[in-house]
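The residues making up each chain are set out below.
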Amino acid sequence: MFIKRRKSWDLPESEVTDYKVYKNRRQFLNTAISVGLASALPSVGLAKPVDELKVFETLKKSQYSTEEEKTTFEAITTYNNFYEFGTSKEAPSLYATEFPDESEPWRVEIDGECENPGVFEYDDLVRPFTMEERIYRMRCVEGWSMVIPWIGFPLGELLKQAKPNSKAKYVEFTTLYDPEQMPGQRREVLDWPYVEGLRIDEAMNPLTILSVGLYGKELLGQNGAPIRLVVPWKYGFKSIKSIVRIRFVEKMPYTAWVKANSSEYGFYSNVNPNVDHPRWSQRKERRIGEFLKRDTLMFNGYGDYVAELYSGMDLKRYF
Amino acid sequence: MLLNSIQAWTSSVISNKDPNSLIRTSHLKVVLFLVCLYPFFFMLWGFFTHQLGANPIDTVTRLSGLWALRFLLITLCVTPLRWLTGLNQLVRFRRMLGLFAFFYATVHMLLYLGLDQFFDWSEIWRDIVKRPFITVGFINFVALLPLVVTSTNKMVKRLGSRRWKKLHRLTYFVAAAACVHFLMLVKADIREPVIYIFILSGLLGVRLLHAGRQKQLNRQ
């Protein structure tokens, strides 16, 4: 029997294809989708099939999880706001199928006001932590909501390892900037790269997690693979996706949506039924999959854990 | 030359008066009617076969609004097309197109009232007063009503064609306000509404040019 043992100098077949050729193929497939030829092509090979995704075997359950009915995997992975891939709800699931490019390791830089800055490869970054399942409500600023079984670990645990100093008042997060992989960045819809931020106590709150998966599997591109933030008591856009940089800063970060329209989107953006978006009411929300609207809850129902962070603050002013 | 022959051909083929003509306007009207209903059935079909994505109510609300705007613009194409081609018969289809704009606007409005607000009138009133984009949408719907009421032949006669024409210039306002309504609900990507604004500016610009030229001709 012939068993092929790969020598260290022997490149695997997958590495042989020139990156540019590979890219062009992908581009052709994408064009095929946009001109409506997709149905004529076999759909296999377009996206990474869901059953090829990495599965998380052991997951810690969490006291913070809700018992509410979960939104379907299909809805969670096809109804997305991820402007880096286009502004329609469908665009991310159509154009993030090859994201992130696996030929390059994903790196996250942790820097700023801390003692242990560094650049970490994804695997090294995630390895020390026990993965938990956190079933959270997610409320979009547009007036719809979902219940998503995230997989991740508390952001605070990672931040503590970096040892922030006394000047670290805020944490700033940055999404990857790569118009080649993220076609939505080729137009200036927002000031790329996407930047989000939290006050340090919000970042350390046990509800705040870095997520690497959902429904027991690793994240898909459209959901912010490979690593994203989840802050369940704030509007969805605060939960920044595909993070490449985490920085401790002294001044309040100038975040993407505040930059785009500071009269409509504030730094805090806590879910609050009593403070309307200037153009629409925030009193109610449509849970995806439901017909009737339901009342939006203060802090998205997480007030017991987070209300004290804002005691004494005028939430109408600091929206 | 070409235009003239097309005109001659169409007027011989499409005619209401000539019993020998192959196609009558009434036949074409039936075809057009069905074509105009297509987006409506598309929405119904998609809604009940779960093909409109994860938030179907939002999708149908947007689609119906979009089609109301599109039909407004299509209606405004009729007159410039007539000038361009000399096919005066086109005007016979204008009323139906305009009424379809109203039809889709009504569907849009009912979806908002019913499936967005569940007929909670106090909440609806608050929305109309407080939210400029809802205010514009509501004014727009109300502005369509006199146009619909005066769309019958009888009403045209009663008003006199001069006054009728003057009243129906309201369509320009409604189309412009519909574009603004669209622009106002967009979060960051204004591409789509801007396309419609361009088309509308073109349609209104052509009218200005035409009016200018008529004035010149009259002076000579």
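Here the structure is a predicted model, which is why all the values come from computation and not from measurement. (Residues numbered from 1 in each chain as written. Chains lettered and ligands numbered in written order. Predicted model: local features only at pLDDT ≥ 70, side-chain atom pairs only at ≥ 80, totals over all residues.)

Before we go on, may I ask you to explain the overall build of chain A in this structure?
When you go through chain A residue by residue, the secondary structure sums to nine helices and twelve strands. Taken across its 319 residues, chain A has 37% of its residues classed as buried. In chain A, the proportion of contacts linking residues at least 24 apart, taken out of those at least 6 apart, comes to 69%. (Helix = DSSP H or I, 4+ residues; strand = E, 2+ residues; numbered from the N terminus. Buried ≥ 20, exposed ≤ 12 C-beta atoms within 10 Å, placed from the backbone. Contact = placed C-beta atoms within 7 Å.)

Honestly, the overall build of chain B in this entry has me stumped. Any pointers?
Helix and strand counts for chain B stand at ten helices and zero strands. Secondary structure of chain B in N-to-C order comes out as α-α-α-α-α-α-α-α-α-α. Split into buried and exposed, the 220 residues of chain B put 19% on the buried side. At a minimum sequence separation of 6, the contacts of chain B that also span at least 24 residues come to 61%.

I'm lost on the confidence of the model for chain B in this one. Help?
Averaged over all residues, the pLDDT of chain B equals 89, while 90% of them reach at least 70. As scored by the predictor, the complex reaches a pTM of 0.82 and an ipTM of 0.79. (pLDDT = per-residue confidence, 0-100.)

How should I be thinking about the sheet that holds strand β5 (residues 170-175) of chain A in this particular structure?
Each strand in a sheet pairs with its neighbour through backbone hydrogen bonds, running either in the same direction (parallel) or in the opposite one (antiparallel). Residue and element names in this part refer to chain A. An order of β2-β1-β10-β5-β6 is seen for the five strands of this open sheet, with the pairing classed as mixed. With partners counted over all chains shown, the strands left at the sheet margins are β2 (118-121) and β6 (195-199), one partner each. The average undirected angle you get between the axes of adjacent strands in this sheet is 15 degrees. Inspection of the sheet shows strand β1 (residues 107-112) paired to β2 by four bridges, in the antiparallel sense. Bridged to Val108 within β2 is Phe120. (Pairing = 2+ DSSP bridges. Axes fitted to C-alpha atoms, helices over the stretch in contact; angles between N-to-C directions.)

Any chance you could explain the nonpolar core here in plain terms?
One recurring pattern in soluble globular proteins: nonpolar side chains tend to sit buried together. Core analysis: the largest hydrophobic core is formed by 63 residues, its most contacted members being Val171(A) and Leu229(A). Examining the composition of this core, we find that five residues originate from one element, strand β4 (residues 144-154) of chain A, more than from any other. With near-sequence residues (within four places) excluded, Leu229(A) lies in contact with Leu155(A), Phe173(A), Glu196(A), Leu210(A), Ser239(A), Ile240(A) and Ile243(A). In this structure, Val60(B), Phe71(B), Phe100(B) and Phe182(B) belong to the second largest nonpolar core, which totals 23 residues. (Core = buried A, V, L, I, M, F, W, Y, C linked by C-beta atoms within 7 Å.)

Could you clarify how one ought to interpret the pairing of strand β7 (residues 209-214) of chain A in this entry?
Residue and element names in this part refer to chain A. Within β7, six of the six residues are buried, leaving the element largely enclosed by the surrounding structure. By the bridge criterion, five bridges tie β4 to β7 in an arrangement that is antiparallel. Bridge pairing in β7 places Pro154 opposite Ile209. Summarising the sheet, β7 and strand β9 (residues 228-230) pair through three bridges and their orientation is antiparallel. Among the inter-strand pairings, Ile209 is bridged to a residue of β9, identified as Val230. Sheet analysis places β7 next to strand β8 (residues 217-218), joined by two bridges and oriented antiparallel.

What is the right way to read unusual backbone geometry from this model?
Most of the time, phi is negative for any residue but glycine, and the peptide bond is trans. Residue and element names in this part refer to chain A. Put simply, Trp192 and Pro193 share a cis peptide bond, and its omega is -5 degrees. On the secondary structure map, Pro193 appears in the loop between β5 and β6. A cis amide bond links Ala225 to the next residue, Pro226, at an omega of -5 degrees. Tracing the sequence through the fold places Pro226 in the loop between β8 and β9. Located in the positive-phi region is Ser269, a residue other than glycine, with phi close to 45 degrees. Note that Ser269 resides in the loop between α8 (256-260) and β11 (284-287). Residues other than glycine seldom take positive phi values, yet Asn300 does so here, at roughly 55 degrees. As for its placement among the helices and strands, Asn300 is situated in the loop between β12 (294-295) and α9 (303-306).

I'm lost on the packing of helix α9 (residues 170-185) of chain B against helix α10 (residues 191-219) of chain B in this one. Help?
Each pair of packed helices can be summarised by the angle the axes make with each other and by the distance between the axes. All names here are of chain B. The geometry of α9 relative to α10 is characterised by a closest axis approach of 9 Å and an angle of 165 degrees between their N-to-C directions. By the criterion of interaxial angle, the relationship of α9 to α10 is roughly antiparallel. Two packed elements cross with a definite hand, and for α9 against α10 that hand is left-handed. Facing α9, whose interface residues are Tyr172, Ala175, Ala176, Cys179, Phe182 and Leu183, α10 presents Pro193, Tyr196, Ile197, Leu200 and Leu204. Classifying every residue of the contact of α9 with α10 by side-chain character gives eleven nonpolar, no polar and no charged. (Parallel < 35°, antiparallel > 145°, perpendicular 65-115°, else oblique. Left-handed = near helix turned anticlockwise from the far one by under 90°. Nonpolar A, V, L, I, M, F, W, Y, C, P; charged D, E, K, R; others polar.)

Can you walk me through the packing of helix α3 (residues 56-85) of chain B against α9(B) in this structure?
Residues and elements named next belong to chain B. Axis separation between α3 and α9 bottoms out at 10 Å; the angle between their running directions is 145 degrees. You can see that α3 and α9 cross each other, and the crossing is left-handed. Of the residues in α9, those touching α3 at Ala68, Leu69, Leu72, Leu73, Thr75 and Leu76 are Thr171, Val174, Ala175, Ala178 and Phe182. Split into classes, the residues belonging to the contact of α3 with α9 amount to nine nonpolar, two polar and no charged.

Looking at this model, I keep getting lost on α10(B). Mind explaining?
Quick reminder: α-helices carry 3.6 residues per turn. Residues three or four places apart thus point the same way. Over its 29 residues, α10(B) runs 42 Å from end to end, which matches the ideal 42 Å to within 8%, given 1.5 Å per residue. Of all 29 residues that make up α10(B), zero are buried, and the element is exposed over most of its length. (Expected span 1.5 Å × (residues − 1).)

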